[in-house]
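Coordinate analysis (summary)
Residues per chain are reported as follows:
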Amino acid sequence: MILLLLVAHSVAGLQMAPPTATVEQGKIQGTTGINLDGDEFLKFLGIPFAKPPVGNLRFKAPEAPDSWQGVRDCTRDGNTCISVYGDPLKSSEDCLYLNVFTKLLPGPETTPKPVMVFLHPGGFVLGSGTQDMCAPDFLMTEDIVLVTLNYRLGIFGFLSFDDPALGVPGNAGLKDQTMALKWVQKNIAGFNGDPHQVTIFGNSAGGASVQFQILSPTAKGLFHRAIAQSGSALNPWAWGDKNGLAAAEKLGSQVASDTEALQLLMEASTEQVLNASRQFTDNLLDSSQRRPFGPVIELPTPTAFLTRDPVDLWEAGEFNDVPLMLGDVSNEGIIYEFEKLLSGKEPSIDPVEAAVSWKFGLDKGSDKFRSVKELVRNFYYKDGVSKKSLFEVLSDVLFIEGVLESARLHLRKTKHPVHLYVFSYNSSSNRKFLTAMGLDDTIQGNPHGSECSFLFSKRLLGIDLELTEDDFKAVRETVKIWANFARTGQPHPLWDPVTISNNLTYFYIDRMPLLKQNPFEDRMKLWQHIKLLLSEQAC
């Protein structure tokens, strides 16, 4: 009996031994988690995919990580990146870490699994790939390998100068993502992932990032399918400006050159740089102006991430041609309430002027600018400004119009399917969220980012979403759609891809999914009319 007990104890000890894996830089030790079905999976957390971007590497492109001796503890999330909305004491410039979740490590009887790499939302100024934002227990019901990652945000990820000698041309945050994808290619086989079957997916800024990776020559060959959720490189909020000199002067000193500005910013403390960036007005709801820090077009160099306008690249067919799935939720404009929650006050935007995108190239106060304002006012606000009308115009100008235009552009030159969707699961958790935002039953539809609560977490912006049995069914169906696309490129048996750019087939994702034509058709006709009018006036 004693012998049997000792053997049982020994076997239990073997079963509970922490998982270990080997990456290019050394050995790592992970831990375990439990998925939605109650099954165990393996977690490797806080793996460095680049050197800490501190000291001389601040604002610079990421560099490959250093090796280590022994076994590195990867049982906890790595540092999150500095955010304008966060506490600098709870985050760090040393933040380039990723997490890997897998059901099995490779062995004689295992086969490599499709890999899904998530690029997190947050408007390029907040968010992380940690478990707080990207809890894996839903997606890990599927037979995939999941990777989540951090990338630098705000001024730390998107400071830019034109002088190539300074080595800060911009887009460091996007280059962090590409570096993580390179890490995946080199290391994911060690987690039973297939490096030849990598799908990138992301929401909001992560969705725009997916398209930026599609457009960047530096990401060629690093992924094989892509899902852009509620975000496009054509959305006006997805672009920043070159504010290096202005940022340096907000530290309190006048500077005469980019060189002086960068030196000042390099020597400043983390808190000083963060506080300088907070002095810029950054209202992502106002499409009439660029944001102070975000993706930019770089001057051509061998290592540049993006050197041409996205429309030009798509029209020329110069992009990473992979199968694409993209779409929006049914009421993106509820993002207005998120901004109010984050800032603690009503966003200070003109509900009409904010809809006239800077991408139209119009001078504020010009006759053309005023004429577009009137078209917007007469269409959306003919009965006065209401939450419903405000949400509609924000949905369209900030998200839907750009997403649909990118679908058309991609379709014209791609050799692969384009799957378009509108996500509209009307769950009890959705209603709880809308009620918590102070919205009554006159507001319908899914708020911006809500599909992530069906993929990752039972929380949205810190609000617990108590899922019902029907909600869990929706979670399982959503996860299956995303994982099917990663496995085969066919997300659902009833879902046909788009074939004609002026007649957009899309999948209405709800409890009774339907194949439909031309999402938000009446509203999109307005924007097509406005663009046609402006192009005729320019001739």
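Nothing here was measured: the structure is a model prediction, and the numbers come from that model.

This brings us to the packing of aromatic side chains. One pass over the full model with this rule turns up 21 aromatic pairs. A centroid spacing of 4.9 Å and a plane angle of 75° characterise the contact between Phe379 and Tyr380, whose relative ring orientation is edge-to-face. Since its relative accessible area comes to 29%, Phe379 is described here as partly exposed. For Tyr380, a relative accessible area of 6% gives the class buried. Look at Phe423 and Phe454: their rings are 5.3 Å apart centre to centre, the planes differ by 65°, and that puts the pair in the edge-to-face class.

In this structure, Pro497 sits in the loop between helix H13 (469-488) and strand S15 (505-509). For Pro497 and Leu324, which are 173 residues apart along the polypeptide, the C-alpha to C-alpha distance reads 9.6 Å.

With respect to the helices and strands, the residue Pro136 is situated in the loop between strand S7 (113-119) and strand S8 (145-149). Residues Pro136 and Thr102, 34 residues apart in the sequence, show an inter-C-alpha distance of 9.9 Å. Setting aside its immediate chain neighbours within four residues, Pro136 contacts Phe41, Phe101, Gln131, Leu146 and Phe456.

With that out of the way, let us pick up the sheet that holds strand S5 (residues 71-73). Pairing is mixed across the open sheet formed by 3 strands, whose spatial order is S1-S2-S5. Here the strands that pair on one side only, and so sit at the sheet edges, are strand S1 (20-23) and S5. Each strand of the sheet is rotated relative to its neighbour by a mean of 35°, with strand direction disregarded. Alignment of strand S2 (residues 26-29) against S5, held across 3 bridges, turns out to be parallel. Of the residues in S5, the one forming a bridge with Gln29 is Asp73.

Over the atoms rolls a probe the size of a water molecule, and its path tells where empty space is left. There is about 790 Å³ of room inside the second largest pocket. Lining the second largest pocket are 33 residues, and of these Val311, Lys359, Phe360, Glu401 and Lys531 sit closest to its centre. Every element with two or more residues in the lining of the second largest pocket is listed here: helix H8 (310-316), helix H11 (387-413) and helix H14 (521-538). If you tally residues by element for the lining of the second largest pocket, the top one is H11, at 8 residues.

Before going further, it helps to examine the sheet that holds S8. Strand order in the open sheet formed by 11 strands is S3-S4-S6-S8-S7-S9-S10-S11-S12-S15-S16, with mixed pairing between adjacent strands. Each of the sheet's edge strands pairs with one partner strand only, and the pair in question is strand S3 (31-34) and strand S16 (514-517). Averaged over all pairs of adjacent strands, the angle between their axes in this sheet comes to 25°, without regard to strand direction. Pairing of strand S12 (residues 418-423) with S15 involves 3 bridges; the strand directions are parallel.

All right, on to the side chain of Ser330 then. Position of Ser330 relative to the elements: it lies in the loop between strand S11 (324-329) and helix H9 (335-343). Polar contacts involving the side chain of Ser330 include one to the side chain of Ser424, which spans 3.4 Å.

Next up on the list: the confidence of the model for the protein chain. On average, residues of the protein chain score 92 in pLDDT, and 95% of them reach the 70 mark or higher. Throughout residues 1-14 the model reports pLDDT below 50, and contacts reaching past four residues in sequence, or to other chains, amount to 0 contacts.

Quick look at the state of the cysteines now. Tallying each qualifying case throughout the model produces 1 disulfide. Put simply, Cys81 and Cys95 are joined by a disulfide, and their sulfur atoms are 2.1 Å apart. On the sign convention where negative means left-handed, the S-S torsion of about 90° between Cys81 and Cys95 marks this disulfide as right-handed. Of this pair, Cys81 sits in the loop between S5 and strand S6 (97-102) while Cys95 sits in the loop between S5 and S6; the two residues are 14 residues apart in sequence, bridging distant segments of the chain. We classify Cys81 as buried; its relative accessible area is 5%.

Our focus in this paragraph is the pattern of salt bridges. Under the criterion given, the structure shown has 23 salt bridges. The salt bridge involving Glu337 is made with Lys387; its shortest N-O contact spans 2.9 Å. Here the residue Glu337 occupies a position in helix H9, and Lys387 occupies one in helix H11, the gap between them amounting to 50 residues. With a relative accessible area of 1%, Glu337 lands in the buried category. What emerges from the salt-bridge pattern is a single network uniting Glu401, Glu405, Arg408 and Lys531.

The interhelical angle for the contact between helix H3 (residues 172-187) and helix H4 (residues 205-215), taken along N-to-C directions, is 70°, at an axis separation of 10 Å. For the element pair H3 / H4, the angle class is roughly perpendicular. Residues Leu174, Gln177, Thr178 and Leu181 of H3 pack against Ser209, Phe212 and Gln213 of H4. Grouping the amino acids of the contact of H3 with H4 by side-chain chemistry returns 3 nonpolar, 4 polar and no charged.

Reading the values: rules and limits
- Residues numbered from 1 in each chain as written.
- Predicted model: local features only at pLDDT ≥ 70, side-chain atom pairs only at ≥ 80, totals over all residues.
- Heavy atoms only, no water.
- Phe/Tyr/Trp six-rings, centres within 6.5 Å; stacked < 30°, edge-to-face > 60°.
- Buried < 20%, exposed > 50% of the residue type's maximum accessible area, 1.4 Å probe, protein only.
- Helix = DSSP H or I, 4+ residues; strand = E, 2+ residues; numbered from the N terminus.
- Contact = heavy atoms within 4.5 Å.
- Pairing = 2+ DSSP bridges.
- Axes fitted to C-alpha atoms, helices over the stretch in contact; angles between N-to-C directions.
- 1 Å grid on protein atoms, 1.4 Å probe; cavity = no way out; pocket = protein on both sides within 12 Å on 5 of 7 lines; lining within 4 Å.
- Points joined across faces, edges and corners; volume = space filled by probe spheres on them.
- Polar contact = N/O pair within 3.5 Å; in protein donor to acceptor, adjacent residues only side chain to side chain.
- pLDDT = per-residue confidence, 0-100.
- Disulfide = S-S within 2.5 Å.
- Salt bridge = Lys/Arg side-chain N within 4 Å of Asp/Glu carboxyl O.
- Parallel < 35°, antiparallel > 145°, perpendicular 65-115°, else oblique.
- Nonpolar A, V, L, I, M, F, W, Y, C, P; charged D, E, K, R; others polar.

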